[in-house]
Amino acid sequence: LSKIEITEGTVEGTALSPDGQTIAVASNDAMVRLFDVNSGQMKLTFRGHEKPVYRVIFSHDGQTVASCGTDRTLLWDLTGSIRHTLPATTSNWKAGLRPMCFSRDNKRFAVSGFPYSNKTPNLNVLNVIDLETGEQLAELRGHSRGINAAEFSKDGTRIATGADDNLIEGNTMTCTRYGVEIWGM
C-alpha cells in the first residue's frame, strides 16, 4: 500500500472502495478526491461542493460515491458527474456529519435531514431516496433529537437509526443515552 500525501485542504473523511483499490478523500477545501491505493496517484477530483466536505462513502458496488458537506450531499458516478443533489439542512457544522448509507442492492440511499421538496429540514428525520429517479421513497420520523447513524439491513427490508435522544416511540429499543430505531421498509 502507498502513502498518500494530501497537498491541498485538510482531510475530513475517507472511504475505501469495496474492491479495496480506491480511496475517496473528503476535504475542507470543498473537494472529494479519488486515489489509487497501490500507487498513491490521484485518479479524479470531484468538484461540486462550495463548502467543506466532511463525509464520503462508496455504494456497495463501488459505482457511486456520496459526499456530505455543510452545503449539500452529492451523489457522484465514477466519472465525476453528479447523479443527485440533496440540499443541506443548515450551515451548521453538524450538517456535514449527517449519517448516510446505501442499500445493499445499491437502489436506495438514506440520509438524515435534507429538505425534500419544500419541507423544513429536520435532522431527526431519515429520508430514503430512489437512486435511479431521485424520488423520495420514505420519510422516517420518530427520533426527538438528531440522527447520528443509519444502516440498511443486508436484505434491504429494514433500516436501523441511532440518535442522541433518550425516549423512543414505537416498537424499538430504549437505551439510557442513545436512542435506536428499527424501521421496516
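Preceding this paragraph is the structure being described.
Residues numbered from 1 in each chain as written. Predicted model: local features only at pLDDT ≥ 70, side-chain atom pairs only at ≥ 80, totals over all residues. Heavy atoms only, no water.

### Things to note about the overall build of the protein chain
For step 1, the next point in the chain: From N to C terminus, the protein chain includes 0 helices and 15 strands.
For step 2, the next point in the chain: In the protein chain, the proportion of contacts linking residues at least 24 apart, taken out of those at least 6 apart, comes to 38%.
For step 3, the next point in the chain: Accessible surface for the protein chain amounts to roughly 9400 Å². Of this, 47% is attributable to carbon and sulfur atoms. (Helix = DSSP H or I, 4+ residues; strand = E, 2+ residues; numbered from the N terminus. Contact = heavy atoms within 4.5 Å. Areas by Shrake-Rupley, 256 points an atom, 1.4 Å probe, with all protein chains shown as cover.)

### Considerations on the nonpolar core
For step 1, the next point in the chain: Within the largest apolar cluster, 12 residues are counted, these being Ala15, Ala24, Ala26, Val32, Leu34, Phe46, Val53, Val56, Phe58, Val65, Leu74 and Trp76.
For step 2, the next point in the chain: Among the secondary structure elements, those contributing two or more residues to this core are β2 (22-27), β3 (31-36), β5 (53-58) and β7 (72-77).
For step 3, the next point in the chain: Top element by residues in this core is β5. It accounts for 3 residues.
For step 4, the next point in the chain: Residues within four places of Val32 in sequence aside, it is in contact with Val25, Leu44, Thr45, Phe46, Val53, Val56 and Ser67. (Core = buried A, V, L, I, M, F, W, Y, C linked by side-chain atoms within 4.5 Å. Buried < 20%, exposed > 50% of the residue type's maximum accessible area, 1.4 Å probe, protein only.)

### Some thoughts on the sheet that holds strand β9 (residues 100-102)
For step 1, the next point in the chain: Here we have 4 strands laid out as an open sheet, ordered β9-β10-β11-β12, and antiparallel in their pairing. Looking at strand neighbours, the two that pair on one side only are β9 and β12 (136-140), the edges of this open sheet. The mean angle between the axes of side-by-side strands here comes to 15°, regardless of whether they run parallel or antiparallel. (Pairing = 2+ DSSP bridges. Axes fitted to C-alpha atoms, helices over the stretch in contact; angles between N-to-C directions.)

### Comments concerning the packing of aromatic side chains
For step 1, the next point in the chain: Throughout the structure, instances matching the rule amount to 2 aromatic pairs.
For step 2, the next point in the chain: The interplanar angle of 20° and the centroid separation of 4.6 Å between the aromatic rings of Phe46 and Trp76 together place this pair among those described as stacked. Pair noted here: Phe46 is in strand β4 (residues 42-47) and Trp76 is in strand β7, with a separation of 30 residues, a long-range link. When sorted by exposure, Phe46 lands in the same class as Trp76, which is buried.
For step 3, the next point in the chain: Measuring from ring centre to ring centre gives 5.0 Å for Phe102 and Phe109, while their planes differ by 55°; the resulting arrangement is tilted.
For step 4, the next point in the chain: Looking at Phe102, the relative accessible area reads 2%, which means it is buried. (Phe/Tyr/Trp six-rings, centres within 6.5 Å; stacked < 30°, edge-to-face > 60°.)

### Quick look at the pattern of salt bridges
For step 1, the next point in the chain: Scanning the model with the defined rule gives 5 salt bridges in all.
For step 2, the next point in the chain: Across the pair Asp71 and Arg72 runs a salt bridge whose closest N-O atoms are separated by 3.3 Å. By the burial criterion, Asp71 is buried, and Arg72 matches it.
For step 3, the next point in the chain: Residue Arg141 pairs with Glu139 through a salt bridge whose shortest N-O separation is 3.0 Å.
For step 4, the next point in the chain: Three or more residues joined by partner-sharing salt bridges are found here, namely Glu8, Asp29 and Arg33. (Salt bridge = Lys/Arg side-chain N within 4 Å of Asp/Glu carboxyl O.)

### Focus: the pairing of strand β13 (residues 147-152)
For step 1, the next point in the chain: Of the strand pairs in this sheet, β13 and strand β14 (residues 158-163) are connected by 5 bridges, and their pairing is antiparallel. Bridging across to β14, Ala149 finds its partner in Gly162.
For step 2, the next point in the chain: Between β13 and the antiparallel strand that follows it, β14, lie 5 residues; Gly156 among them carries a positive phi value of about 75°.

### Quick word on the pairing of strand β1 (residues 11-16)
For step 1, the next point in the chain: With 5 bridges connecting them, β1 and β2 associate as antiparallel partners. The residue of β2 that forms the bridge with Leu16 is Ile23.
For step 2, the next point in the chain: With antiparallel pairing between neighbouring strands as the criterion, β1 and β2 make up a hairpin whose turn holds 5 residues, including Gly20 at a positive phi of roughly 75°.

### A word on the side chain of Ser17
For step 1, the next point in the chain: Note on placement: Ser17 falls in the loop between β1 and β2.
For step 2, the next point in the chain: Leave out the neighbours within four places in its chain, and Ser17 touches Thr22 and Phe58.

### Considerations on the environment of Ala149
For step 1, the next point in the chain: Secondary-structure assignment places Ala149 in strand β13.
For step 2, the next point in the chain: For Ala149 and Ala163, which are 14 residues apart along the polypeptide, the C-alpha to C-alpha distance reads 6.9 Å.
For step 3, the next point in the chain: Apart from residues lying up to four places away in sequence, Ala149 is in contact with Pro99, Ala160, Thr161 and Gly162.

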